[in-house]
Amino acid sequence: MEMRLEVVQVPVADVEASKSFYMETLGFIVDHDVEHIPGMRVVQLTPPGSPASIVIGTGMTSMAPGSLEGLQLVVADLTTVRTELHRRGAEISEIHNLGGVQFAYFADPDGNRWVLQEAVPPEFRAAHVEE
């Protein structure tokens, strides 16, 4: 059996403000923006280079806007990505080194909390994974 997680709903209050944040500040690509039925707007956005997407919109979820936390984006060079996102207007934390793995944190306009993680090099992983 094979399963792939491809889309995660992110609850937002203002679809236009969130769409702008994810597109302009984070550089996500809009896959589609449609209203399938009256009152149900679906905006799917994909982070650059990611096989998984997020969906924001109206009429899809009972989650409260801003209630999602821990979505994690893995990047090759955290310093470079953090600098670029900060330049684009994202309020992002300083980089935290947690035992050799680096993280930074930010939130979208509704308060949904995201984590940026620098990709763990294979040699680090091999030294820290128990068989």
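Placed above this text is the structure.
Since the model is a prediction, treat every value here as computed from it, not as a measurement.

Chemist: Give me the layout of surface pockets: which residues, what numbers.
Modeler: The volume enclosed by the largest pocket comes to roughly 490 Å³. Lining the largest pocket are 22 residues, with Phe 28, Pro 47, Ser 50, Leu 73 and Val 74 sitting closest to its centre. Those elements that place two or more of their residues in the lining of the largest pocket are β4 (53–58), β5 (69–75), α2 (78–87) and β8 (113–118). Counting residues per element, the lining of the largest pocket draws most heavily on β5, at five residues. Considering only residue class, the lining of the largest pocket consists of 16 nonpolar, four polar and two charged.

Chemist: Explain the side chain of Arg 41 to me, and be specific about the residues and the numbers.
Modeler: Along the chain, the position of Arg 41 falls in strand β3 (residues 40–46). Within polar-contact distance, the side chain of Arg 41 engages the side chain of Glu 16 at 2.5 Å. Within the structure, the side chain of Arg 41 is placed 2.7 Å from the side chain of Asp 33, a separation counted as a polar contact. Excluding residues within four positions of it along the chain, Arg 41 makes contact with Val 15, Glu 16, Lys 19, Asp 33, Val 34, Glu 35, Ile 56, Gly 57, Thr 58 and Met 60.

Chemist: Would you mind going over the pairing of β3 in detail, with residue names and values included?
Modeler: With six of seven residues buried, β3 lies mostly within the body of the structure. Relative to β3, strand β2 (residues 29–37) runs antiparallel, the two sharing seven bridges. From the neighbouring strand, Glu 35 faces β3, where its bridge partner is Arg 41. Hairpin connection between β2 and β3: a loop of two residues separates the two successive antiparallel strands, and Gly 39 in this loop has a positive phi of roughly 90 degrees. Across five bridges, β3 lies against β4 in antiparallel orientation. The partner of Val 43 across the bridge, within β4, is Ile 56. Hairpin geometry of β3 and β4 is characterised by an intervening segment of six residues between the two adjacent antiparallel strands and by a positive phi of about 85 degrees at Gly 49.

Chemist: Describe the environment of Arg 113, and please don't skip the residues or the numbers.
Modeler: Secondary-structure assignment places Arg 113 in strand β8. Residue Arg 113 is classed as partly exposed on the basis of its relative accessible area of 45%. Considering only alpha carbons, one finds Arg 113 and Leu 71, 42 residues apart in sequence, at a separation of 6.9 Å. For Arg 113, the contacting residues outside a window of four places in its chain are Leu 68, Glu 69, Gly 70, Leu 71, Phe 106 and Ala 107.

Chemist: Account for the side chain of Thr 46, naming residues and giving values.
Modeler: Relative to the elements of secondary structure, Thr 46 occurs in strand β3. Among the polar contacts listed, one links the side chain of Thr 46 to the side chain of Ser 53, at a separation of 2.5 Å.

Chemist: Any chance you could break down the sheet that holds strand β1 (residues 7–9) for me, citing the residues and the numbers?
Modeler: Spatially, the four strands line up as an open sheet ordered β1-β4-β3-β2, and their pairing is mixed. Edge positions in the sheet fall to β1 and β2, since each of these pairs with one other strand and no more. Here the strands of the sheet are splayed against their neighbours by 25 degrees on average, with no regard to which way each runs. Looking at chain direction, β1 and β4 are connected through three bridges and run parallel. The residue bridging Val 7 from the neighbouring strand is Ser 53, located in β4. This element, helix α1 (residues 15–25), spans β2, β3 and β4 of the sheet and lies at about 10 degrees to β3.

How each quantity is defined
Residues numbered from 1 in each chain as written. Predicted model: local features only at pLDDT ≥ 70, side-chain atom pairs only at ≥ 80, totals over all residues. Heavy atoms only, no water. 1 Å grid on protein atoms, 1.4 Å probe; cavity = no way out; pocket = protein on both sides within 12 Å on 5 of 7 lines; lining within 4 Å. Points joined across faces, edges and corners; volume = space filled by probe spheres on them. Helix = DSSP H or I, 4+ residues; strand = E, 2+ residues; numbered from the N terminus. Nonpolar A, V, L, I, M, F, W, Y, C, P; charged D, E, K, R; others polar. Polar contact = N/O pair within 3.5 Å; in protein donor to acceptor, adjacent residues only side chain to side chain. Contact = heavy atoms within 4.5 Å. Buried < 20%, exposed > 50% of the residue type's maximum accessible area, 1.4 Å probe, protein only. Pairing = 2+ DSSP bridges. Axes fitted to C-alpha atoms, helices over the stretch in contact; angles between N-to-C directions.

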